[in-house]
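Summary of the model geometry
Single-letter residue listing:
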Amino acid sequence: MASPKVYYLCGPMTGYPQFNIPLFQRAAQIARRAGILVVSPAELDDPQIAAASLASKEGNLVDGKINGHTWGDLLSRDVKVVADQVQGILLLEGWWHSRGARLEVLTGLLCGHEFLEYYDDVEVIGALPTEAVRDTLREHIP
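Report on the accompanying structure. What you see is a predicted model; the values in this text were computed from it and never measured.

**Focus on a nonpolar patch on the surface**
On the surface, a nonpolar cluster with roughly 290 Å² of combined accessible area is contributed by Leu103, Leu106 and Leu110. Checked against the element boundaries, leucine 110 lands in helix H5 (residues 99-110).

**Focus on the packing of helix H4 (residues 71-84) against H5**
Any two packed helices are characterised by how steeply their axes cross, that is the angle between the axes, and by the distance between the axes. Remark: H4 packs on H5, axes separated minimally by 9 Å, with the N-to-C direction vectors making an angle of 25°. One element, H4, and the other, H5, form an angle in the roughly parallel class. Once H4 is placed against H5, the crossing between them reads as right-handed. On the side of H4, the interface is formed by Trp71, Leu75, Asp78, Val79, Val82 and Ala83, while H5 contributes Arg99, Gly100, Leu103, Glu104, Thr107 and Gly108. Of the residues contributing to the contact of H4 with H5, the split by class is six nonpolar, three polar and three charged.

**Considering the layout of surface pockets**
For the largest pocket, the calculated volume is near 400 Å³. Lining the largest pocket are 29 residues, with Met13, Thr14, Phe19, Trp71 and Asp78 sitting closest to its centre. Per-element accounting of the lining of the largest pocket gives the leading share, five residues, to H4.

**A closer look at the packing of aromatic side chains**
Enumeration according to the criterion identifies one aromatic pair in this entry. Both rings, one in tryptophan 95 and one in tryptophan 96, keep their centres 6.0 Å apart while their planes meet at 80°; by these two values the pair is edge-to-face. Directly above the aromatic system of tryptophan 71 lies the positively charged group of arginine 99, at a separation of 3.9 Å from the ring centroid.

**Details of the pattern of salt bridges**
Tallying each qualifying case throughout the model produces nine salt bridges. Close ionic contact of lysine 5 with glutamate 114 constitutes a salt bridge, the shortest N to O distance being 2.7 Å. Of the two residues, lysine 5 sits in the segment before strand E1 (6-10) while glutamate 114 sits in strand E6 (residues 114-119), which places them 109 residues apart along the sequence. On the basis of relative accessibility, which here comes to 42%, the residue lysine 5 falls in the partly exposed class.

**Observations concerning the sheet that holds E6**
Taken together, five strands build an open sheet; the order of strands is E2-E1-E5-E6-E7 and the sheet is mixed. Edge positions in the open sheet fall to strand E2 (37-39) and strand E7 (124-128), since each of these has one partner strand only. Sheet twist, expressed as the mean angle between neighbouring strand axes with direction ignored, is 35°. Summarising the sheet, E1 and E2 pair through three bridges and their orientation is parallel. The residue bridging tyrosine 8 from the neighbouring strand is valine 39, located in E2. Where helix H6 (residues 130-140) meets the sheet, its contacts fall on strand E5 (88-92), E6 and E7, and the angle it forms with E7 comes to roughly 90°.

**Considering the pairing of E6**
Every other side chain in a regular strand lies on the same face of the sheet, so the side chains alternate between the two faces. Direction of pairing for E5 relative to E6: parallel, over a ladder of five bridges. Looking at the pairing, isoleucine 89 lines up with phenylalanine 115 of E6. In this fold, the crossover linking E5 to E6 by way of H5 has right-handed handedness. As defined by bridge partners, E6 adjoins E7 across five bridges and the pair is classed as antiparallel. Along E7, the bridge assignment pairs tyrosine 118 with isoleucine 125. What sits between E6 and E7 in their antiparallel hairpin is a turn of four residues, with glutamate 123 showing a positive phi close to 50°.

Conventions adopted
Residues numbered from 1 in each chain as written. Predicted model: local features only at pLDDT ≥ 70, side-chain atom pairs only at ≥ 80, totals over all residues. Heavy atoms only, no water. Patch = residues over 30% accessible without salt bridge, like charges linked within 9 Å, V, L, I, M, F, W, Y side chains within 5 Å. Areas by Shrake-Rupley, 256 points an atom, 1.4 Å probe, with all protein chains shown as cover. Salt bridge = Lys/Arg side-chain N within 4 Å of Asp/Glu carboxyl O. Helix = DSSP H or I, 4+ residues; strand = E, 2+ residues; numbered from the N terminus. Axes fitted to C-alpha atoms, helices over the stretch in contact; angles between N-to-C directions. Parallel < 35°, antiparallel > 145°, perpendicular 65-115°, else oblique. Left-handed = near helix turned anticlockwise from the far one by under 90°. Contact = heavy atoms within 4.5 Å. Nonpolar A, V, L, I, M, F, W, Y, C, P; charged D, E, K, R; others polar. 1 Å grid on protein atoms, 1.4 Å probe; cavity = no way out; pocket = protein on both sides within 12 Å on 5 of 7 lines; lining within 4 Å. Points joined across faces, edges and corners; volume = space filled by probe spheres on them. Phe/Tyr/Trp six-rings, centres within 6.5 Å; stacked < 30°, edge-to-face > 60°. Lys NZ or Arg CZ within 6 Å of the ring centre and 35° of its normal. Buried < 20%, exposed > 50% of the residue type's maximum accessible area, 1.4 Å probe, protein only. Pairing = 2+ DSSP bridges. Right-handed = clockwise from strand over helix to strand, strands pointing away.

Below, the structure is given as structure tokens:
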């Protein structure tokens, strides 16, 4: 019997109030209610990073760090999760605006993951064809 698929929750964080954690929390809750197993980067943070993130009105790093961790520190952890621990990616609206999310999506494509998309306005999760993900990524690579 095959193990159930696990999806990585992927979307923009930097530059959003509270690093967009409330949206990540809602999406994770909706996914889990639907029986989808998810790993959320917001839940991987240690309590000090989580507290600092939620306290940030603009969602920006201070001197390139949050609680002593760089963007690269956090992103490398998340890319490793995408490459080694999940079988799919659950995309949040606007993921294409985020450098980190674009790297996570590229990693998912290279690993052959499948994609879902969360629509916050209606709290619905739907399948997203890989080709649509590739096209969107191509449009937003600088």
